[in-house]
Amino acid sequence: MDTNWSKLDNAAKIFPSSIAKFNTQVFRISCELNEEVDETVLQQALDDTIKVFTVFRSVLKRGWFWYYFEDTDLSPKVRKEFKLPCAKIYESGYKGLLFEVTYFSRRINLEVFHALTDGTGAMHFLRMLVIKYVSKKYAVAEPEFDYDASRAQMGDDSFSKYYTKEKANKRKQKQKKGCAIKSPQYFEDRMRIVSGCMPVNQVLDAAHQNHATVTAFLSACFMTAIAEELPMRAKRRPVSLAVPVNLRRFFPSVSARNFFNLVSVQYNFYKKNPGLEEVCRAVDADLKRQLTKENLLNQLNQFSRIEHNIFIKPIPLMIKDKGLKLAYRVSGKDTTATISNVGIVSMPDEIVPFIRQFDVYNSTDKIQACVCSFENRLTVGFASAFVSTDIERRFFRKLTSLGIDVTIVSNFEDD
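## Thoughts on helix H10 (residues 390-401)
Between its first and last C-alpha atoms H10 spans 16 Å; for 12 residues at 1.5 Å apiece the expected length is 16 Å, and the two agree. Of the positions making up H10, those classed as buried are Ile391, Glu392, Phe395, Phe396, Lys398 and Leu399. Each buried residue of H10 sits inside an arc of 150° when the element is viewed along its axis, so together they form one side. Across from the buried face of H10, at angles greater than 90 degrees, the exposed residues are Arg397 and Ser401. Close packing links the buried residues of H10 with strand S8 (192-199), helix H6 (214-229), helix H7 (276-290), strand S13 (367-374), strand S14 (377-384) and strand S15 (407-410).

Shown next as structure tokens:
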């Protein structure tokens, strides 16, 4: 095959340099079916899906100045789940694909190294995989897929497309450094997964009663749960949540690569005992202030300008690696935790009856909540490097106290 290569997008450049023992930079999106998964049929579906998502058939190479993707003729192979969620996929010298498809019982898992794509791109891949699987397994006429992008469009670097070189707006409100969660962590390279499933309509009702969007409502519940576990001295700094934003909502793009940014929402609980509605209102207002096209373009330009700096380009990759790793650690110290709302997962009507739910998890050296919904089932998946599950317990108890029916599962039994 002809060997083609492509640059990493702006967001992707940080991930190869920032892999750590407790943060593999891998995320998982899963689809739970109503019946056991057939490995043979799933492999057939994967073979068909990779023919469409050819940008996923890439390996990561080290250049003199930057990492880059190179096309490969490697074919992905389905395996029964064989390791812990979000375990390492890429490490220096690795020459394999940057994603894995596994299954266990009724669950199909797609795990991805974040340099390859973001949650939106991965969800498109998994949705097509499930559609093809169900169509083959149950002899359902394969419906038309609603994600119609050419190979060139899938591989589009939308950061470069929308980079305008304009200087950052100096009026941007400066964020304070967030407080840190001090709690024992696992010594082994593993994460605790706790997932809660609940009716979408009940969550919507609770969010509306607190005058907030679903993202703001769940963020406020998460921040309050964290604050309730913090000692008073730690609350001198605000609880700060990083919130990934899908930039495709603001800038037209069908790229299957990364196209997201981060905003930060904060609330200071020091010597306060606010009601949930008060926190919801503050978080909702903070998100609305930041989630504007002008502000997000400002951020995009700010980060892209570093990549295009003529003095940074010629610096050898081995030095860039150290600088990016340090920058990632420093920026992470300003954040208490992360919450990511992947949003509503839509599937063709013919396929819906065969699916129970979707869920998402992301590797972290702290604690992160990932949210998605399918039909009337919303899942909040917590991944945590901490031994304690007290924050997750407080979060879900807060929801149940509001009349939301929550079913909880975990990958570990309580120690």
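## Notes on the packing of aromatic side chains
A ring pair, where both rings are aromatic, is described by two values, the distance of the centres and the angle of the planes. Using the criterion set out here, one finds 22 aromatic pairs in the structure. Geometrically, the ring pair formed by Phe56 and Phe125 is stacked, given 4.6 Å between the ring centres and 5° between the ring planes. In this pair, Phe56 sits in the loop between helix H1 (39-52) and strand S3 (58-62) while Phe125 sits in helix H2 (residues 119-137), placing the two residues 69 residues apart along the sequence. The class for Phe56 is buried, based on a relative accessible area of 1%. Relative to Tyr94, the ring of Tyr90 has its centre 6.3 Å away and its plane inclined at 85°; by these criteria the two rings are edge-to-face. Tyr90 gets classed as buried once you look at its relative accessible area, which sits at 3%. A residue is classified by how much of its surface remains accessible, and Tyr94, at 27% relative accessible area, is partly exposed.

## Notes on the sheet that holds strand S5 (residues 79-80)
Spatially, S5-S6-S7-S2-S12 is the arrangement adopted by the five strands of the open sheet, whose pairing is mixed. Sheet topology places S5 and strand S12 (355-362) at the edges, where each strand pairs with a single neighbour. Pairing of strand S2 (residues 26-33) with strand S7 (residues 107-113) involves seven bridges; the strand directions are antiparallel. Residue pairing across strands places Phe27 opposite Val112, the latter belonging to S7. In the packing of H1 onto the sheet, the strands contacted are strand S6 (99-104) and S7, and the crossing angle to S6 comes to about 155°.

## What to know about the sheet that holds strand S4 (residues 67-71)
Spatially, S1-S4-S3 is the arrangement adopted by the three strands of the open sheet, whose pairing is antiparallel. Two strands lie at the open edges of the sheet, namely strand S1 (5-7) and S3, each paired on one side alone. Taking each pair of neighbouring strands and ignoring which way they run, the sheet shows an average axis angle of 35°. With three bridges joining them, S1 and S4 adopt antiparallel strand pairing. Across the sheet, the residue bridging to Ser6 is Phe69, located in S4.

## Examining H7
Taking 1.5 Å of rise per residue, the 15 residues of H7 would be expected to cover 21 Å, and the 21 Å separating its terminal C-alpha atoms lies within 8% of that figure. Those residues of H7 that fall on the buried side of the exposure criterion are Leu276, Val279, Cys280, Val283, Asp284, Asp286, Leu287 and Gln290. The buried residues of H7 all sit within an arc of 165° when viewed along its axis, so they share a single face. Buried residues along H7 sit against H6, strand S9 (239-246), strand S10 (260-267), helix H8 (293-308) and H10.

## Digging into the packing of helix H5 (residues 200-209) against H6
Following both chains from N to C, one finds H5 and H6 inclined at 80°, their axes separated by 9 Å at the closest point. Comparing their axes, H6 and H5 come out roughly perpendicular. Of the residues in H6, those touching H5 at Val203, Leu204, Ala206 and Ala207 are Val214, Phe217 and Leu218. Its residues assigned to classes, the contact of H5 with H6 comprises seven nonpolar, no polar and no charged.

## Concerning the pairing of S7
Within S7, six of the seven residues are buried, leaving the element largely enclosed by the surrounding structure. Strand direction decides the pairing type here: S6 and S7, joined by six bridges, are antiparallel. Looking at S7, one finds that Phe99 is bridged to Val112. Counting the residues between successive antiparallel strands, the hairpin from S6 to S7 contains two residues, one of them, Ser105, with a positive phi of roughly 55°.

## Side note on the environment of Asn309
Counting through the fold element by element, Asn309 comes out in the loop between H8 and helix H9 (317-332). For the pair Asn309 and Arg190, spaced 119 residues apart in sequence, the C-alpha separation works out to 38 Å.

## Observations concerning the pattern of salt bridges
Applying the stated criterion across every chain yields a total of 22 salt bridges. Across the salt bridge formed by Arg62 and Asp321, the nearest N and O atoms sit 2.9 Å from each other. Of this pair, Arg62 sits in strand S3 while Asp321 sits in helix H9, and the two are 259 residues apart along the sequence. With a relative accessible area of 39%, Arg62 lands in the partly exposed category.

## A word on a positive patch on the surface
Residues Lys177, Lys182, Arg237, Arg329 and Lys333 make up a contiguous surface patch of positive charge. For Lys177, the location among the structural elements is in the loop between helix H4 (158-162) and S8.

## As for the nonpolar core
Phe99, Phe217, Leu218 and Phe222 are the most contacted members of the largest nonpolar core, which totals 122 residues. At 11 residues, the largest contribution of residues to this core is made by H6. What Leu218 contacts, discounting residues up to four positions off in sequence, is Val203, Ile339, Val371, Leu378, Val380, Phe395 and Leu399.

What counts and how
- Residues numbered from 1 in each chain as written.
- Predicted model: local features only at pLDDT ≥ 70, side-chain atom pairs only at ≥ 80, totals over all residues.
- Heavy atoms only, no water.
- Helix = DSSP H or I, 4+ residues; strand = E, 2+ residues; numbered from the N terminus.
- Expected span 1.5 Å × (residues − 1).
- Buried < 20%, exposed > 50% of the residue type's maximum accessible area, 1.4 Å probe, protein only.
- Arc of directions from axis to C-beta.
- Contact = heavy atoms within 4.5 Å.
- Phe/Tyr/Trp six-rings, centres within 6.5 Å; stacked < 30°, edge-to-face > 60°.
- Pairing = 2+ DSSP bridges.
- Axes fitted to C-alpha atoms, helices over the stretch in contact; angles between N-to-C directions.
- Parallel < 35°, antiparallel > 145°, perpendicular 65-115°, else oblique.
- Nonpolar A, V, L, I, M, F, W, Y, C, P; charged D, E, K, R; others polar.
- Salt bridge = Lys/Arg side-chain N within 4 Å of Asp/Glu carboxyl O.
- Patch = residues over 30% accessible without salt bridge, like charges linked within 9 Å, V, L, I, M, F, W, Y side chains within 5 Å.
- Areas by Shrake-Rupley, 256 points an atom, 1.4 Å probe, with all protein chains shown as cover.
- Lys, Arg positive; Asp, Glu negative; His and termini not counted.
- Charge placed at Lys NZ, Arg CZ, Asp CG, Glu CD.
- Core = buried A, V, L, I, M, F, W, Y, C linked by side-chain atoms within 4.5 Å.

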